[in-house]
Structures are given as structure tokens and as C-alpha cells.
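Structure at a glance
Residue-level listing of the chains:
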Amino acid sequence: MVDFQNSKTKNTVRQSCESLLVIEDVCTFYGDAQALKDICLTVKNNEIVAVLGSNGAGKTTLLKTLTGLLGIQRGKIVFNNETITDTPSHKIIRKGIACVPEGRQLFGAMTVSDTLLLGTYSLDKDERKKMQGARLEMIFDLFPVLRDRVNQASETLSGGEQQMLALGRALMSNPKFLVLDEPSLGLSPLLVKEMMNMLKLISRELGISILLVEQNARAAIKIADYIYILERGEVTLANTAQKVMASEKIQSAYLGA
Ligand code: ATP
């Protein structure tokens, strides 16, 4: 039987190691409705952390809070040893956090190359110039299909190609940290597997830490180092992927075993 510690205790333990992101007692509301309740979560350098939860658990709200799209009522967010609570989105990107939003959020008529270049617009002029050359080549090496479709409108790409484009756009800003909201949504099992393998590769080869929000627990657990389970706006379980995999409770609730 796996012994899951209370998430707050667990977070304190994890914070003593090298942390890139620390979310501490964060509460987010929509009007009077509380969507996040005292969330504590840590992501260490070079780690992939998955946040799992069913519909309405608060996963998207957590990412919107982290990326400055929603203000918080209580709590603190520290990234790279700097407090970023209440920092607006455009400044958060400059600090090295890039987001692949739910549903990809591409502009359908925009070409593949323009979409990728859009990912650099939050950077200052010199860095943008640097990114637009070598970085673009790196994205094409990671996703050769995007090179083949470079002048094609993004709406003409397949679902899997669009997901690669959204990921490529996020990587163009040269992030230290990547957050993804349900990247597996609408993809076939084979493409989900490819996408997850790609995230693992990106994390390992580019040294980028990842926070992955997923309903597809089975796919996310395979690549994650650490798992948080979110239920009705609260972290109910936090542990290593290995221990979560071994839990019968999680197997039956999230893995359909
Ligand atoms: P899903 O997997 O279905 O996308 P989720 O885990 O991402 O779900 P959220 O979208 O974060 O969940 O929603 C968390 C809670 O906040 C839900 O109860 C939802 O109804 C509520 N909520 C989300 N957006 C708003 C909003 N703009 N106004 C009011 N309530 C909202």
C-alpha cells in the first residue's frame, strides 16, 4: 500500500531540493466561486511534473493562474527564485515560462513559419533576432513535418501537426519551463505516444522543465517524474510517478484498471 503524504508536507520536503517553480497556498476565484484551494506544488529543475484530474478539477485554472491570466486571492508563486505572483502574462513569458494552451489556440490563416515566429515576439529585439535563425532550424529538426509545411496555413495541418506547431511556437521563446494544457486532446493513441516521447526528449535534451496538465493519466504517468492529483480545486495526492503507478486506488480511479 502506498503511503501518500499530505500534499503540503510533501511540498515542503520537495522545496528543500533545487526548485524551479514553487506554488504555495494559492487560492483562485471566479467571482465568489473558489476554483483553487490552497494549492501547493513544486517543479524541480529538469523535472516533468504531471497534474492529473477529471473535468472541472481546476487544471486549466492552475495553468492560467501560473501564467498570469488569472489573478490570485491568496498565496505565492516563485519561479527561478523570483516571486512572480501577480506578474502579467507578457512579462512571465520573458522570465522563461512558455505555455501550450488547451486547444492549441492557433490562428488558422497564419502560415507555419509566421506562427513559429510569433513565439519570439515577447522577447527583446536582439534575442528575437537570435531566436529567429538558429532556433527556427532547431524546431524544424525536432519536427521535420513543419519544415515541409512551412508556407501552409495552420488550419490545413492535421491535429497532430497542429499540436507540434503549438509546441514549436512555445519553444521559439527559448523557455526554461514549459506548461502544457492537455496536449493529448483529440489525438490518436499513436500520436499521443509520439507527443509524450517528444516531451521527454525536449526535457532531457534541451534541459527544459515541464508541467503537464492531463486527463490522459496513463500517457502522462509514463513520462512524468512526479504527479499531483487535483480534485475539486485541491491537491489530494502528491507522489513520485513510480509510487502513483503502484497505487491500486489510482489504478482504479485514473488508469481504468
Ligand atoms: P477540463 O479538464 O474539463 O478542462 P479543468 O480541470 O481544466 O477541467 P477548470 O477549467 O480549471 O477545470 O475549471 C475549474 C472550475 O472552475 C470548474 O468548476 C469550472 O466550472 C470553473 N470555471 C472555469 N472557468 C470559469 C469561468 N470563466 N467562470 C466561472 N467559473 C469557471
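Source: prediction; values computed, not measured.

What follows deals with the overall build of the chain. Along the chain, the regular secondary structure elements total eleven helices and ten strands. At 18 Å, the chain has a C-alpha radius of gyration in line with the 18 Å of a compact globule built from 257 residues. Across its three principal directions, the C-alpha atoms of the chain cover 50 × 40 × 35 Å. The proportion of buried residues among the 257 residues of the chain is 51%. By sequence separation, contacts in the chain at least 24 residues apart represent 68% of the contacts at least 6 residues apart. For the chain, the accessible surface area stands at approximately 12100 Å², while carbon and sulfur atoms represent 49% of it. A gap of 2 Å separates the mean positions of the 30 positive and 28 negative side-chain charges of the chain.

Turning our eyes to something else, we now look at the sheet that holds strand 5 (residues 82-83). Strand order across the open sheet formed by four strands is 2-1-4-5, with antiparallel pairing between neighbours. With partners counted over all chains shown, the strands left at the sheet margins are strand 2 (33-44) and strand 5, one partner each.

Another aspect to go through is the state of the cysteines. A complete count under the given rule lists zero disulfides for this structure. Between C40, a cysteine without a disulfide, and C27, which holds the nearest cysteine sulfur, the sulfur-to-sulfur distance is 9.3 Å. Residue C40 is classed as buried on the basis of its relative accessible area of 4%.

Before going further, it helps to spend a moment on the sheet that holds strand 8 (residues 209-214). With mixed pairing, the six strands of this open sheet are ordered in space as 6-7-8-3-9-10. The sheet terminates laterally at strand 6 (97-100) and strand 10 (234-240), the two strands that pair on one side only. Adjacent strand axes in the sheet meet at a mean angle of 15°, parallel and antiparallel pairs treated alike. In the packing of helix 7 (residues 159-171) onto the sheet, contacts are made with strand 6 and strand 7 (177-181), and the angle to strand 6 comes to roughly 165°. Helix-sheet contacts for helix 8 (residues 189-206) involve strand 3 (48-52), strand 7 and strand 8, and the interaxial angle to strand 8 is about 160°.

Remark: the centre distance and the inter-plane angle together describe each pair of aromatic rings, the angle taken between the planes. Overall, the coordinates contain two aromatic pairs when judged by the stated rule. Where F79 meets F177, the ring centres are 5.8 Å apart and the plane angle is 35°; that geometry is what we call tilted. Placement of F79 in strand 4 (residues 74-79) and of F177 in strand 7 is noted, with a sequence separation of 98 residues between them. Just as F79 is buried, F177 falls in that class too. Plain terms: the ring middles of Y226 and Y228 are 5.3 Å apart, the flat faces sit at 55° to each other, and that makes the pair tilted. Like Y226, the residue Y228 is buried in the burial classification.

Domain annotation of the chain identifies domain 1 (7-96 + 176-255) and domain 2 (108-174). If you look at the interface, domain 1 gives 15 residues, while domain 2 gives 13 residues. Where domain 1 touches domain 2, the interface holds zero salt bridges. Our count for the domain 1 to domain 2 interface comes out at zero residue pairs in polar contact (both at pLDDT 80 or more). Ranked by residue count, the leading element in the side of domain 1 that touches domain 2 is helix 8, at seven residues.

A few words on helix 5 (residues 125-142). Across its 18 residues, helix 5 extends 25 Å between first and last C-alpha, which sits within 8% of the 26 Å expected from 1.5 Å per residue. The sharpest bend along helix 5 comes to roughly 40°, located at Q132. Looking only at helix 5, the buried set comprises M131, R135, L136, I139, F140 and L142. In this structure, the buried side of helix 5 is in contact with helix 4 (112-118), helix 6 (144-148), helix 7 and helix 8.

Neighbouring the ligand are 13 residues, the closest being N55, G56, K59, T60 and T61. Separating a nitrogen atom of the ligand from a side-chain N or O atom of Y30 is a distance of 3.5 Å. Between an oxygen atom of the ligand and a side-chain N or O atom of T60, the distance comes to 2.8 Å. Coverage of the ligand by the protein amounts to 57% of the 640 Å² it exposes when considered alone. No other element matches the three residues that helix 2 (residues 59-66) contributes to the shell around the ligand. The residue inventory of the shell around the ligand, partitioned by class, reads three nonpolar, seven polar and three charged.

Conventions adopted
Residues numbered from 1 in each chain as written. Predicted model: local features only at pLDDT ≥ 70, side-chain atom pairs only at ≥ 80, totals over all residues. Heavy atoms only, no water. Helix = DSSP H or I, 4+ residues; strand = E, 2+ residues; numbered from the N terminus. Rg over C-alpha atoms; globule rule 2.2 N^0.38 Å. Buried < 20%, exposed > 50% of the residue type's maximum accessible area, 1.4 Å probe, protein only. Contact = heavy atoms within 4.5 Å. Areas by Shrake-Rupley, 256 points an atom, 1.4 Å probe, with all protein chains shown as cover. Lys, Arg positive; Asp, Glu negative; His and termini not counted. Charge placed at Lys NZ, Arg CZ, Asp CG, Glu CD. Pairing = 2+ DSSP bridges. Disulfide = S-S within 2.5 Å. Axes fitted to C-alpha atoms, helices over the stretch in contact; angles between N-to-C directions. Phe/Tyr/Trp six-rings, centres within 6.5 Å; stacked < 30°, edge-to-face > 60°. Domains from an automatic or database assignment. Salt bridge = Lys/Arg side-chain N within 4 Å of Asp/Glu carboxyl O. Polar contact = N/O pair within 3.5 Å; in protein donor to acceptor, adjacent residues only side chain to side chain. Expected span 1.5 Å × (residues − 1). Bend = angle between axes of the 7 residues up to and from the residue. Near = heavy atom within 4 Å. Nonpolar A, V, L, I, M, F, W, Y, C, P; charged D, E, K, R; others polar.

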